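Next come the chains, spelled out residue by residue.
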Amino acid sequence: MKKVLLVTKDLMPFKLLFETYCWIKDNTDFIVAIVAEGKSAEEWREKNVPLLTEGDISTEQVYAIMAAMKPDCVVTGLSSPNNLEDSIGLIANTTHTKLAVISDTWGAISRVDKAQPDFIFAMDAFDAGLCAAKFPDAHISVIGDITRKITPPEDVSRVCDKIQRTGKNLILITGQNPGYTDDIIRIIRDSVAMEPQNCAVVVRLHPKFKGLPEEKPLRDLIETFPPGTVVEIDGSTDEIASCARIVVSVFKTVLRVGSIAHRTAISVVTPKTVAGMKKSTGLSQYPLAMMGNCLEISKPTLLSKIPRHDAYVPKEFNPAVVLEIFK
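Residues numbered from 1 in each chain as written. Predicted model: local features only at pLDDT ≥ 70, side-chain atom pairs only at ≥ 80, totals over all residues. Heavy atoms only, no water.

Visitor: Help me understand the overall build of the protein chain, please; the structure alone is not making it clear to me.
Guide: On a plain count of helices and strands, the protein chain comes out with 12 helices and 12 strands. Scaling as 2.2 N^0.38, a compact globule of 327 residues should have a C-alpha radius of gyration of about 20 Å, and the protein chain matches this with 20 Å. In terms of overall dimensions, the protein chain has C-alpha extents of about 60 × 35 × 35 Å along its principal axes. Counting over 327 residues, the protein chain shows a buried share of 54%. Counted over contacts in the protein chain with a minimum sequence separation of 6, partners at least 24 positions apart contribute 70%. (Helix = DSSP H or I, 4+ residues; strand = E, 2+ residues; numbered from the N terminus. Rg over C-alpha atoms; globule rule 2.2 N^0.38 Å. Buried < 20%, exposed > 50% of the residue type's maximum accessible area, 1.4 Å probe, protein only. Contact = heavy atoms within 4.5 Å.)

Okay, structure coming up:
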């Protein structure tokens, strides 16, 4: 009987590996165990999935887990920063255990620092090329994109539609690292100031930084929007992205969600945001924009006049591809 150890930290790797976990449990007799940290640990608990351990974990504990479980394979996400996942990946290498990594965004493979994956599951052909450039000896397969069309609950959709029936453009801003999220907020604030009567803005900062000192300057900056333009809507960020008129970030997954739903996705391009994207993904331009499924702005823009773009149509995520590890 095969044994698989899954390792996660951020929310997107959790989504990938939770679907993989469910598929393995439903379709095989494999034993699956999970080590998690960060936001992903909370998500596993909410799904009532037991964890071997969570939070800070020492190298000695990892070796003890590996010795006790003797997994046939370790499968990790590619969170940013890639701490626990990369560390356990390296231990998989040193214990001669197969190591697989699953990519949730273009360029995520650049986050692997110490480990040497045997298998890489990429989002699409472009992502596979990036993976092959870094790890030419790895077995690389396209597993698809976990992002999909979101059907928001009726109450969320109703609120969004009500706002937009008044003639206002509903704009969703999604923050990333605090080091450059201020550029996103400033450019959209100044864009809204050009036509405040036409705009309603929802701002969602990155949950990873909630309550931390870095968050306060961003909250203060949000207060500088034109009076009455910032609104609150109940619902998840993805749900709002699927029914807003405009979705704004730098390279966050929510841009893919918005583009899939035929919303206008905007990547904010400044020296700081490009530097942040390059640090996280190794890329200087967001591939969704390269493909024509997202727009780019670098200065305040009249958002009511911004053109439409083609919708993003990704290949559906197929967790069955992970069985290639055992062929």
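Visitor: Help me understand the nonpolar core, please; the structure alone is not making it clear to me.
Guide: Soluble globular proteins tend to pack their nonpolar side chains together in the buried interior. Counting 53 residues, the largest nonpolar core has Leu170, Ile171, Leu172, Ile173, Ile188, Val248 and Tyr286 as the members making the most contacts within it. When residues in this core are grouped by element, the largest group, 6 residues, is from helix α7 (residues 178-193). The contact partners of valine 248, leaving out residues within four places of it in the chain, are Ile171, Leu172, Ile173, Thr174, Ile184, Ile188, Leu255, Ile266 and Val268. In terms of nonpolar packing, the next biggest core, distinct from the first, is built from 28 residues, Val4, Ile24, Ala100 and Val321 among them. (Core = buried A, V, L, I, M, F, W, Y, C linked by side-chain atoms within 4.5 Å.)

Visitor: What should I look at first to understand the pairing of strand β6 (residues 119-122) in this one?
Guide: On a regular strand, one side chain projects to one face of the sheet and the next to the other, so that they alternate. Taking every second residue as pointing to the same face, both faces of β6 are buried, with Phe119 and Phe121 on one and Ile120 and Ala122 on the other. Relative to β6, strand β5 (residues 98-102) runs parallel, the two being bridged by 3 bridges. For alanine 100, the partnering residue across the bridge sits in β6 and is phenylalanine 119. Bridging between β6 and strand β7 (residues 139-142) involves 4 bridges; their strand directions are parallel. The partner of alanine 122 across the bridge, within β7, is valine 142. Since β6 and β7 lie parallel, the crossover through helix α5 (residues 125-134) that links them has a hand, and here it is right-handed. (Pairing = 2+ DSSP bridges. Right-handed = clockwise from strand over helix to strand, strands pointing away.)

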